[in-house]
Amino acid sequence: MGFYSREQLEKIGFKFLGNNVLISDKTSIYSPENISIGNNVRVDDFSILSAGGGIH
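The rules behind these values
Residues numbered from 1 in each chain as written. Predicted model: local features only at pLDDT ≥ 70, side-chain atom pairs only at ≥ 80, totals over all residues. Heavy atoms only, no water. Helix = DSSP H or I, 4+ residues; strand = E, 2+ residues; numbered from the N terminus. Rg over C-alpha atoms; globule rule 2.2 N^0.38 Å. Buried < 20%, exposed > 50% of the residue type's maximum accessible area, 1.4 Å probe, protein only. Contact = heavy atoms within 4.5 Å. Areas by Shrake-Rupley, 256 points an atom, 1.4 Å probe, with all protein chains shown as cover. Lys, Arg positive; Asp, Glu negative; His and termini not counted. Charge placed at Lys NZ, Arg CZ, Asp CG, Glu CD. Core = buried A, V, L, I, M, F, W, Y, C linked by side-chain atoms within 4.5 Å. Salt bridge = Lys/Arg side-chain N within 4 Å of Asp/Glu carboxyl O.

Asks: I tried to follow the overall build of the chain on my own but got confused; where do I start?
Replies: What the chain contains, in helices and strands, is one helix and six strands. Secondary structure of the chain in N-to-C order comes out as α-β-β-β-β-β-β. Against the 2.2 N^0.38 benchmark of 10 Å for 56 residues, the chain shows a C-alpha radius of gyration of 10 Å, consistent with a compact globule. When the backbone C-alpha atoms are referred to their principal axes, the chain occupies close to 30 × 20 × 20 Å. When the 56 residues of the chain are sorted by exposure, 29% land in the buried category. In the chain, 10% of the contacts between residues at least 6 apart in sequence involve partners at least 24 apart. Accessible surface, the chain as shown: approximately 3600 Å² in total, 48% of it carbon and sulfur. Placing the 5 positive and 6 negative side-chain charges of the chain at their respective mean positions leaves the two points 3 Å apart.

Asks: Sorry, what's going on with the nonpolar core here?
Replies: Among soluble globular proteins, nonpolar side chains are generally buried collectively. Grouped together as the largest cluster of nonpolar side chains are 11 residues: Leu-9, Phe-14, Leu-17, Val-21, Ile-23, Ile-29, Ile-35, Ile-37, Val-43, Leu-49 and Ala-51. Those residues in contact with Val-43 that sit more than four places away from it in its chain are Phe-3, Leu-22, Ile-23, Ser-24 and Thr-27.

Asks: Is there a simple way to explain the environment of Phe-16 in this structure?
Replies: In this fold, Phe-16 is placed in strand β1 (residues 16-17). Of the residues examined, Phe-16 reaches a relative accessible area of 46% and is grouped as partly exposed. Leave out the neighbours within four places in its chain, and Phe-16 touches Ile-35, Ser-36, Ile-37 and Gly-38.

Asks: What is the right way to look at the pattern of salt bridges in this model?
Replies: Pairing between side chains becomes possible if they bear opposite charge and their charged atoms approach one another. Taken as a whole, this structure holds three salt bridges when the rule is applied. Note that Glu-10 is salt-bridged to Arg-6, the shortest N-O span being 3.0 Å. Placement of both Glu-10 and Arg-6 in helix α1 (residues 6-12) is noted, with a separation of four residues, approximately one turn of the helix. The class of Arg-6 is partly exposed, set by a relative accessible area of 37%. For the salt bridge of Lys-11 with Glu-7, the shortest nitrogen-to-oxygen distance reads 3.4 Å. Pair noted here: Lys-11 and Glu-7 are both in helix α1, with a separation of four residues, about one helical turn. Judged by its relative accessible area of 53%, Glu-7 is exposed.

In C-alpha cells form, the structure reads like this:
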C-alpha cells in the first residue's frame, strides 16, 4: 500500500491538513478545498473523500 507524501498532500489543496496524516494513493478525492483533515488520520485504499459543503 502506498501513501501520498506530505508534499503531495499539501499540493492537493485541502482546506486544512493536520499532522501525521496518511492517505492512500488509491483514494479518490473530490473538492479538497472543502475538506479539513485533523491529526493522526489514516485513509486506506479505495476510500472516497468528497465534499460539496465540507467534511470535518
